[in-house]
Amino acid sequence: TRNELIEEAYRKVGVLADGESVTAGQLSTANKKLNLILKSWEGDGVFLWTYQTETITTTANVSYVAVPTTNGLAYIESAYYVETSGDEVRLDRLTMAQYQDIPGKTSDTGEPVSFSHRISNNRIYLFPTPDATYTVNLFGVRKLADWDSASSTGEFPSRWQASLKYALSVEL
């Protein structure tokens, strides 16, 4: 857990003896440093993302759907229209320029065959404009969550635990 990692880092630098526990102030300081380490690694080009699937539902005669922000999906790699049989059909990915170049993109309606993701407003634009309610599964990436609770284990592979502990020890 986050607190175990913090305690190990404090032991590594000799602040805590075996059997001692960290104070609330020490936890707060170390947690801030731990999250700053992760932000620093991002700045150094360390890939701190994970893949995720999200489901959206279209609205008839509306060409776009907002990407849910609850799970932080930041970039959509692929999208799949779910047929009534449950089968998924991959939608063609378009750049925003390709989508903008489609004549009649908002007046043509039907089952979606292509999509474009506009990151600036975090919307998926579909073509043709859905003529009914459809389910679309999105597959993309999101940033890993910060360590925000005592029992949090973080979303990092176990092979990163030692690196995090040593980096935190240096910062403490």
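Residues numbered from 1 in each chain as written. Predicted model: local features only at pLDDT ≥ 70, side-chain atom pairs only at ≥ 80, totals over all residues. Heavy atoms only, no water.

Draft legend 1. Broad picture of the side chain of Thr-58. By secondary structure assignment, the location of Thr-58 is in the loop between strand E1 (49-57) and strand E2 (64-66). Look at Thr-58 and you get buried, because its relative accessible area is 2%. Reaching out from Thr-58, the side chain makes a polar contact with the backbone oxygen of Ala-132 at a distance of 3.1 Å. For Thr-58, the side chain forms a polar contact with the main-chain nitrogen of Tyr-134, separated by 2.7 Å. (Helix = DSSP H or I, 4+ residues; strand = E, 2+ residues; numbered from the N terminus. Buried < 20%, exposed > 50% of the residue type's maximum accessible area, 1.4 Å probe, protein only. Polar contact = N/O pair within 3.5 Å; in protein donor to acceptor, adjacent residues only side chain to side chain.)

Draft legend 2. Structural view of the sheet that holds strand E4 (residues 88-90). Ordered in space as E1-E10-E3-E4, the four strands form an open sheet in which the pairing is antiparallel. Of all the strands in the sheet, just E1 and E4 have a single pairing partner and so form its edges. Neighbouring strand axes in the sheet, compared pairwise and without regard to direction, differ in orientation by 35° on average. One ladder, built from eight bridges, connects strand E3 (residues 73-82) with strand E10 (residues 135-143); its direction is antiparallel. By the bridge assignment for E10, Ser-78 is matched with Phe-139. (Pairing = 2+ DSSP bridges. Axes fitted to C-alpha atoms, helices over the stretch in contact; angles between N-to-C directions.)

Draft legend 3. Spotlight on the pattern of salt bridges. Considering all chains together, one arrives at three salt bridges under this definition. A salt bridge links Glu-8 to Lys-165; its shortest N-O distance comes to 3.7 Å. Here the residue Glu-8 occupies a position in helix H1 (residues 2-12), and Lys-165 occupies one in helix H4 (residues 161-171), the gap between them amounting to 157 residues. Among the residues examined, Lys-165 registers a relative accessible area of 19% and is labelled buried. The partner of Asp-18 in a salt bridge is Arg-11, and the shortest N-O contact between them spans 3.7 Å. In this structure Asp-18 comes out as exposed when scored by relative accessible area, which is 73%. Three or more residues are tied together by salt bridges with common partners; here these are Glu-7, Arg-11 and Asp-18. (Salt bridge = Lys/Arg side-chain N within 4 Å of Asp/Glu carboxyl O.)

Draft legend 4. Main features of the packing of aromatic side chains. Tallied over the full model, the rule gives four aromatic pairs. Centroid distance Tyr-81 to Tyr-134: 5.2 Å. Interplanar angle 75°. Geometry classified as edge-to-face. Of this pair, Tyr-81 sits in strand E3 while Tyr-134 sits in the loop between strand E9 (129-130) and E10, and the two are 53 residues apart along the sequence. Given the relative accessible area of 5%, Tyr-81 is considered buried. Exposure remark for Tyr-134: the relative accessible area of 11% places this residue in the buried category. Residues Tyr-99 and Tyr-125 carry aromatic rings whose centres are separated by 5.5 Å and whose planes lie at 45° to one another, so their mutual orientation is tilted. On the criterion of sequence distance, the pair formed by Tyr-99 in helix H3 (residues 96-100) and Tyr-125 in strand E8 (residues 123-127) is long-range, its members being 26 residues apart. Neither Tyr-99 nor Tyr-125 differs from the other in exposure class; each is buried. (Phe/Tyr/Trp six-rings, centres within 6.5 Å; stacked < 30°, edge-to-face > 60°.)

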